[in-house]
Amino acid sequence: MTSATTSRARGHALLFAHDALTHVELTHIEKRVENWIRFGHEAQEQILDRRRRIFSFRPGSVFAFVRWAANDFGTIASRIDILRAVAPGERCQTVPFVRPGAEILLRVAGWPKVEQMLRHIDVVEEAGIDACAVAPDHWRHVGNRLNAGEPPRAYTMARHRAWLRRREIVP
């Protein structure tokens, strides 16, 4: 099978084959599909067309990727993933629209839980903490608690300072 579509797809994949960045394809089709980055420090942005763009993240970067889709009857999917971009050759999990993949720190599905998660991120940022710098263990904790139907612990400045000190002694 060497159709034009297949060769274009292969060419597009080869474009990213030797790239150290993690690429996230974002789509925005009003009231149908909305994929966006809630937080993260992108290294590059590429605009594909008026509805699609690609954000690229350096290895080790943490970002939140929100996906929402609807049809004529309402919301059919909503999800938030907090991901860590990986270096070439590093193990990773596959995530839709993320190439080559990423380390999943948090995965929450369903609008009530996604909404709780967005509020949790707001609280962290209101405390003056960059959500990208939060301890990865905290995001895992929050995801596990929300998926179990329990409220997560707050991420305080004291916890954040402890994480930063721990990171200094254990690279």
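Residues numbered from 1 in each chain as written. Predicted model: local features only at pLDDT ≥ 70, side-chain atom pairs only at ≥ 80, totals over all residues. Heavy atoms only, no water.

1. A word on the overall build of the protein
Part 1: Broken down by element type, the protein carries four helices and eight strands.
Part 2: From first element to last, N terminus to C terminus, the protein shows the α and β order α-β-β-β-β-β-β-β-β-α-α-α.
Part 3: Within the protein, the fraction of its 171 residues that count as buried is 37%.
Part 4: Counting only contacts in the protein whose residues sit at least 6 apart along the sequence, the fraction spanning at least 24 positions is 57%.
Part 5: Here the protein has roughly 10300 Å² of accessible surface; of this, 54% comes from carbon and sulfur atoms. (Helix = DSSP H or I, 4+ residues; strand = E, 2+ residues; numbered from the N terminus. Buried < 20%, exposed > 50% of the residue type's maximum accessible area, 1.4 Å probe, protein only. Contact = heavy atoms within 4.5 Å. Areas by Shrake-Rupley, 256 points an atom, 1.4 Å probe, with all protein chains shown as cover.)

2. Quick notes on the side chain of Glu25
Part 1: Along the polypeptide, Glu25 turns up in strand β1 (residues 22-29).
Part 2: A residue is classified by how much of its surface remains accessible, and Glu25, at 16% relative accessible area, is buried.
Part 3: At a separation of 3.3 Å, a polar atom in the side chain of Glu25 contacts the side chain of Arg52.
Part 4: Excluding residues within four positions of it along the chain, Glu25 makes contact with Asn35, Arg52, Arg53, Ile54, Phe65, Phe97 and Arg99. (Polar contact = N/O pair within 3.5 Å; in protein donor to acceptor, adjacent residues only side chain to side chain.)

3. Notes on the nonpolar core
Part 1: In terms of nonpolar packing, the biggest core is built from 24 residues, with Phe39, Ile80, Ile82, Leu106, Met117 and Trp139 touching the most fellow members.
Part 2: If you list the elements that add at least two residues to this core, you get β5 (62-71), β6 (74-85), β8 (98-109), α2 (111-126) and α3 (136-147).
Part 3: No other element matches the five residues that α2 contributes to this core.
Part 4: Contact partners of Leu106, with chain neighbours within four places excluded, come to Ile80, Asp81, Ile82, Met117, Trp139, Val142 and Gly143.
Part 5: Within the second largest apolar cluster, 12 residues are counted, among which are Val24, Leu26, Phe55 and Val95. (Core = buried A, V, L, I, M, F, W, Y, C linked by side-chain atoms within 4.5 Å.)

4. Digging into the pairing of strand β2 (residues 33-39)
Part 1: As paired strands, β1 and β2 are joined by two bridges and run antiparallel to one another. Its bridge partner being in β2, Ile29 is matched across the sheet by Val33.
Part 2: Between the antiparallel neighbours β1 and β2 lie three residues, among them Lys31 with a positive phi of about 65°.
Part 3: As paired strands, β2 and β5 are joined by six bridges and run antiparallel to one another. By the bridge assignment, Asn35 is partnered in β5 with Arg67. (Pairing = 2+ DSSP bridges.)

5. Things to note about α3
Part 1: Relative to the 16 Å expected for 12 residues at 1.5 Å per residue, α3 spans 17 Å between its end C-alpha atoms, a close match to the ideal helical length.
Part 2: The set of residues buried in α3 consists of Pro136, His138, Trp139, His141, Val142, Gly143 and Leu146.
Part 3: Where the residues of α3 are buried, they touch β2, β5, β6, β8, α2 and α4 (157-169).
Part 4: Looking at the residues trailing α3, positive phi occurs at Gly149, about 80°. (Expected span 1.5 Å × (residues − 1).)

6. Concerning the packing of α2 against α3
Two measures define how a pair of helices packs: the angle their axes make with one another and the distance between the axes.
Part 1: Relative to each other, α2 and α3 sit at 145°, their axes nearing to 11 Å. Crossing handedness for the pair α2 and α3: right-handed. Taking contact as the criterion, the partners of Lys113, Gln116, Met117, His120 and Ile121 in α2 are, on α3, His138, Trp139, Val142, Leu146 and Asn147.
Part 2: Partitioning the contact of α2 with α3 into residue classes produces five nonpolar, four polar and one charged. (Axes fitted to C-alpha atoms, helices over the stretch in contact; angles between N-to-C directions. Left-handed = near helix turned anticlockwise from the far one by under 90°. Nonpolar A, V, L, I, M, F, W, Y, C, P; charged D, E, K, R; others polar.)

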